[in-house]
Amino acid sequence: MREDSKIYVAGHRGLAGSALVRALAGVGHANILTRTHAELDLTDQAAVRRFFQVERPEHVFLAAAKVGGIHANSAYPAEFIRTNLAIQTNVIHEAWKAGVERLIFLGSSCIYPRDCPQPMREEYLLSGPLEPSNRPYAVAKIAGIEMCSGYNRQYGTRFLAAMPTNLYGPGDTYDLENSHVIPAFIRKMHEAKVRGDAQVVVWGTGEARREFLFSDDMAEACVLLMRLPEAEYTALLGGGLWPLVNVGSGADQTVAELARLVAEEVGFRGRFVYDAARPDGTPQKMLDISRMSALGWRPRVALHEGIRQAYQDFRRRFAK
């Protein structure tokens, strides 16, 4: 990928997409295509076709998706599968028709079975039943991986799927009902601190284990993948396996440990009450990142520092 290559970042306003734009700019790429949802509805096949026919990007990062935490996945299963299938089908298909050189499709660690051996290796995909609470989203992402694989085999494309673990960082959505756990914790604990509450309710037992990755670390990993020499990139396309690479931090902690860490950064001094009536989701999700490690990549932002930066982002954008 040359410095003047035309690069399309789909979903540039989201957590992942905005980090990708920062990472690309940071290594000298200025020819970056972006479109807001109002400018280009990626679920509209005809609109996506016109965009690719006119703009002809050489490289594509597909970060656009409908995303959310365990409540949102449970409450809106039809929207999660319909919207994500439509976005990725349109973008991947039109990328092939427009002759895109490389495409990186961003998925999620929820593609792996609910009771998957830990850490989760890429070859464990489809080796067992999925977690029911986010199955529609996971199935959509699995379909995207298979689409990349199918187009590579039939049409000779060079489309790669990168599976990040749970992301957090600047530009996140701090919604108490529908966001992921770190932004929800940040808002909940900040508001409890401001009100002087003695306690905060945490969904689930607190025993589930989760891995987290700062969004800018994920973006640097994906830019590294896109810029790989031909031989190394070809090796990741999998041959007879899926064109899939995990992107994680290589460490996890319980939700209870995470709550204490967020409380420390936010300054909440109360206690936690665990609502066991709420679902825990998958018992543990930690990715095996051997493939990324072999390329020399390591995450740079420790969890406590990432939470500090995320809290600063929340206060700048939302706190009164």
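See the structure shown above.
So, here is what we can say about the structure in this document. From a predicted model like this one, the values you see are computed outputs, not experimental measurements. (Residues numbered from 1 in each chain as written. Predicted model: local features only at pLDDT ≥ 70, side-chain atom pairs only at ≥ 80, totals over all residues. Heavy atoms only, no water.)

**Re the overall build of the protein**
In step 1: If you tally the helices and strands in the protein, you get eleven helices and twelve strands.
In step 2: Oriented by its inertia axes, the alpha-carbon framework of the protein measures out at about 60 × 40 × 40 Å.
In step 3: Considering the protein as a whole, with its 320 residues, one finds that 52% of them fall into the buried category.
In step 4: Of all intrachain contacts in the protein linking residues separated by at least 6 positions in sequence, the fraction that spans at least 24 positions is 82%.
In step 5: Of the side-chain charges in the protein, 38 are positive and 36 negative, and the distance between the mean point of each set is 3 Å. (Helix = DSSP H or I, 4+ residues; strand = E, 2+ residues; numbered from the N terminus. Buried < 20%, exposed > 50% of the residue type's maximum accessible area, 1.4 Å probe, protein only. Contact = heavy atoms within 4.5 Å. Lys, Arg positive; Asp, Glu negative; His and termini not counted. Charge placed at Lys NZ, Arg CZ, Asp CG, Glu CD.)

**A few points about the pattern of salt bridges**
Where charged atoms from two side chains of opposite charge come close, those side chains can pair.
In step 1: Applying the stated criterion to the full structure yields 25 salt bridges.
In step 2: Two residues, Arg-153 and Glu-146, come together in a salt bridge whose shortest N-O distance is 3.7 Å.
In step 3: Its salt-bridge partner being Asp-275, residue Arg-278 comes within 3.7 Å of it at the nearest N-O pair.
In step 4: For Arg-278, a relative accessible area of 33% corresponds to the partly exposed category.
In step 5: Salt bridges sharing partners connect three or more residues here, namely Arg-187, Glu-191, Arg-195 and Asp-197. (Salt bridge = Lys/Arg side-chain N within 4 Å of Asp/Glu carboxyl O.)

**Considerations on helix H11 (residues 303-317)**
In step 1: The terminal C-alpha atoms of H11 lie 21 Å apart, and with 15 residues this matches the ideal 21 Å at 1.5 Å per residue to within 8%.
In step 2: Buried-residue contacts for H11 involve strand E6 (166-168), helix H6 (181-195), strand E8 (209-214), strand E10 (252-254) and helix H9 (255-266). (Expected span 1.5 Å × (residues − 1).)

**Some words on unusual backbone geometry**
In step 1: Residue Pro-119 is bonded to the preceding Gln-118 through a cis peptide linkage, with omega at -10 degrees.
In step 2: Backbone geometry at Arg-56 places phi at a positive 50 degrees, although glycine is not the residue there.
In step 3: Within the secondary structure layout, Arg-56 lies in the loop between helix H2 (45-55) and strand E3 (59-62).
In step 4: We classify Arg-56 as partly exposed; its relative accessible area is 42%.
In step 5: Phi at Leu-126 takes a positive value of approximately 65 degrees, unusual for a residue other than glycine.

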